[in-house]
Structure formats: C-alpha cells, structure tokens
Amino acid sequence: MTRTGAVDVQYFDTGGARAALVVGAAPTFDEIVQEHVCRLAEVAPYEPGSFYKRELPAIRAVLAGVEPVELLVVDGYVDLDPDGRPGLGARAHADFGLPVIGVAKTAFRTATHAAEIRRGGSDKPLYVTAAGLPVATAADYVRRMRGEFRLPDALRRVDALARGRA
C-alpha cells in the first residue's frame, strides 16, 4: 500500500487560506484513512508565474499535521511543458521529496505532454502529469480512483474541505 495524500488550498479575499488533505491507504483512495484541515492566517500575495510560492507553505502546513504520505496528488500541473518547465507539482516534488501526480481540470496551452483521461462518462478530460513516477502510471491511478464522476471522490472531497463546504 502507498499512503497517498490529495491536497487543495482555498484563499480568502480577506487574507489567509485554508489547506486541506485527504489521505488514502492507496493511490486509488478506496479507503480514506485520514482528513486534515488547517487555516493559515497569512499567505504570500499572488505572483503570476510563481504560484508555488503561495501554495507550497500551505501544503507544507497541512502535511505537517499527519503521518507522512508516500505519494502526493495536487490540483494542477506538475510541469507546464514537455521540456519540464516546473509547475506546482514539480516544486512540491523537489520540496517534499515525494512522487507527485498533478491532476488539472483545464488544458494549459503548453502542457501538450499531459496525459488526457476521461472518467465517469464525461467528454471533458482530466490532464495528468507526474514527477517521481511515470505519467502512464499516474494516469492509471487517476483513472482507477474511487468515484463515478469525472473528478475522483477524493479530489472532490479535498476541494470541499478546502472551501469549508464539508
């Protein structure tokens, strides 16, 4: 089993953020073993092209509150183009030393290398990238994640937790 964490962060208009984590016993999230939410009073301002500066401290904070995970799933891209221009996932991979799967809901113009997968009968794909494991393996994990909808249940849950809707 590979203890797998899915993370998401929601930023408040008034400042600060809420980071959420859902931990599965395996990359398919068939069994959720832990959930954790933390609030950050302050976050870095949004900086175009450097979103990771804002996001990584929040992810670090929510991961600090749980037993270590062995694989991380982020909302977004690992790398932004086939040449490896780092996105949030690549920065998380370097920072935490963990394999990272990026799952994006929208296409990014230069991310032509992302694996497109379809779930739940949706015509709209998810875009999967990875660091520390083959993209084909990452795409297979996302394809097999629990849930009947386009977005796997664990990713829907972590989004709801981050938004304070769970």
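Remember, it's a predicted structure, so these values are computed and weren't measured experimentally. (Residues numbered from 1 in each chain as written. Predicted model: local features only at pLDDT ≥ 70, side-chain atom pairs only at ≥ 80, totals over all residues. Heavy atoms only, no water.)

Asks: Give me the lowdown on the side chain of Thr4, citing residues and values where you can.
Replies: Position of Thr4 among the secondary structure elements: in strand β1 (residues 4-11). Taking the relative accessible area as the measure of exposure, Thr4 reaches 0% and is therefore buried. For Thr4, the side chain forms a polar contact with the main-chain oxygen of Thr2, separated by 2.7 Å. (Helix = DSSP H or I, 4+ residues; strand = E, 2+ residues; numbered from the N terminus. Buried < 20%, exposed > 50% of the residue type's maximum accessible area, 1.4 Å probe, protein only. Polar contact = N/O pair within 3.5 Å; in protein donor to acceptor, adjacent residues only side chain to side chain.)

Asks: A description of the sheet that holds strand β4 (residues 71-75) should follow, citing residues and the corresponding values.
Replies: One key point about sheets: their strands pair by backbone hydrogen bonds, in either a parallel or an antiparallel sense. If you walk across this open sheet you meet the 7 strands as β3-β2-β1-β4-β5-β7-β6, and the pairing is mixed. Bordering the open sheet on either side are β3 (32-40) and β6 (115-117), each of which pairs with just one other strand. The sheet shows a mean angle of 25° between the axes of neighbouring strands, taken without regard to direction. Judged from the 8 bridges that link them, β1 and strand β2 (residues 17-24) form a sheet pairing that is antiparallel. Within β2, the position partnered with Asp8 by the bridge is Ala20. Packed onto the sheet, helix α2 (residues 88-96) meets β4, β5 (100-104) and β7 (126-131) and runs at close to 150° relative to β4. (Pairing = 2+ DSSP bridges. Axes fitted to C-alpha atoms, helices over the stretch in contact; angles between N-to-C directions. Contact = heavy atoms within 4.5 Å.)

Asks: I'd like to hear about helix α1 (residues 52-63), residue by residue, with values.
Replies: For α1, spanning 12 residues, the distance from its first C-alpha to its last is 16 Å, which sits close to the expected 16 Å at 1.5 Å a residue. Of the surrounding elements, those touching the buried residues of α1 are β1, β2, β3, β4 and α2. (Expected span 1.5 Å × (residues − 1).)

Asks: How would you summarise the packing of aromatic side chains if you had to cite specific residues and measurements?
Replies: Within this structure, the stated rule accounts for 1 aromatic pair. Arranged with centres 6.0 Å apart and planes meeting at 50°, the rings of Tyr77 and Phe108 form a pair that is tilted. In this pair, Tyr77 sits in the loop between β4 and α2 while Phe108 sits in the loop between β5 and β6, placing the two residues 31 residues apart along the sequence. Given a relative accessible area of 9%, Tyr77 falls into the buried group. (Phe/Tyr/Trp six-rings, centres within 6.5 Å; stacked < 30°, edge-to-face > 60°.)

Asks: Describe in detail the pattern of salt bridges, supporting the description with residues and values.
Replies: Inspection of the entire model under this criterion finds 8 salt bridges. Between Asp95 and Arg60 there is a salt bridge whose closest N-O contact spans 2.6 Å. On the criterion of sequence distance, the pair formed by Asp95 in helix α2 and Arg60 in helix α1 is long-range, its members being 35 residues apart. Residue classification places Asp95 among the partly exposed residues on the basis of a relative accessible area of 38%. Exposure remark for Arg60: the relative accessible area of 38% places this residue in the partly exposed category. Between Arg163 and Asp159 there is a salt bridge, and its shortest N-O distance comes to 3.0 Å. Residues joined by salt bridges that share partners form a network here, namely Asp140, Arg143 and Arg144. (Salt bridge = Lys/Arg side-chain N within 4 Å of Asp/Glu carboxyl O.)

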